[in-house]
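# Observations on the three-dimensional arrangement
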Amino acid sequence: MDADVLLKIFAGLAAIVSVWFGFSSIKRKQNANPAIASADERERYHWRYARWGIRTVHFLLGIYLLWMIISFILT
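We now turn to the structure provided with this report.

Let us look at the overall build of the protein chain. Regarding its fold elements, the protein chain presents three helices and zero strands. Starting at the N terminus and walking to the C terminus, you meet the elements of the protein chain as α-α-α. The globule rule puts the C-alpha radius of gyration for 75 residues at 11 Å, and the 19 Å found for the protein chain is more than 25% above it. When the backbone C-alpha atoms are referred to their principal axes, the protein chain occupies close to 60 × 25 × 15 Å. Taking all 75 residues of the protein chain together, the buried fraction comes to 8%.

Right under this line is the structure:
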């Protein structure tokens with residue numbers, strides 16, 4: 001019986017950490033060389049749709065995982 005409670009506490013903490021890391025922003029350092037900085041900006045611009053798709057899939061999987069954890073904790 002204690003193992004179930006500990007597992008549910010661990011699942012709740014894992015969900016909290018997952019949400020925390022999911023909403024934390026990524027801080028990018030800009031390169032001191034202006035040519036490299038502009039190339040990095042162009043590359044990020046060209047890959048923006050792929051990043052949006054990956055973020056959307058990541059968000060949907062996160063919601064699904066959160067739903068599974070909540071249903072596990074409540075049962």
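Once that is clear, we can look at helix α2 (residues 34-46). In a regular helix each residue adds 1.5 Å, so 13 residues correspond to 18 Å; α2 covers 18 Å between its end C-alpha atoms and thus fits that length. At the N-terminal end of α2, a side-chain oxygen is found 3.2 Å from the backbone nitrogen of Ala35, two or three residues along, and the residue is Asn33.

About the thresholds
Within each chain, residue numbers correspond to sequence positions counted from 1 in written order. Where totals are concerned, whole chains, interfaces and linings use all residues; where local detail is concerned, this predicted model gives features only for residues with pLDDT of at least 70, and gives and counts side-chain atom pairs only at 80 or more. Hydrogens are left out, water is left out, and the side-chain values use all remaining heavy atoms of the structure. Put simply, DSSP marks the helices as runs of H or I at least four residues long and the strands as runs of E at least two long, and each gets a number from the N terminus on. Here the globule rule reads 2.2 Å times residues to the power 0.38, and the radius of gyration is calculated from C-alpha atoms. Residue burial is assigned from relative accessible area. The probe radius is 1.4 Å, only protein chains are included, and a residue is buried under 20% of its type maximum, exposed over 50%, and partly exposed in between. A helix is expected to span 1.5 Å for every residue after the first. By the criterion applied in these results, polar contacts are pairs of N or O atoms within 3.5 Å in which, for protein atoms, one can donate a hydrogen and the other can accept it, and in which residues neighboring in sequence qualify only through two side-chain atoms.

Fair warning: the whole summary comes from geometry, so function is off the table for now.
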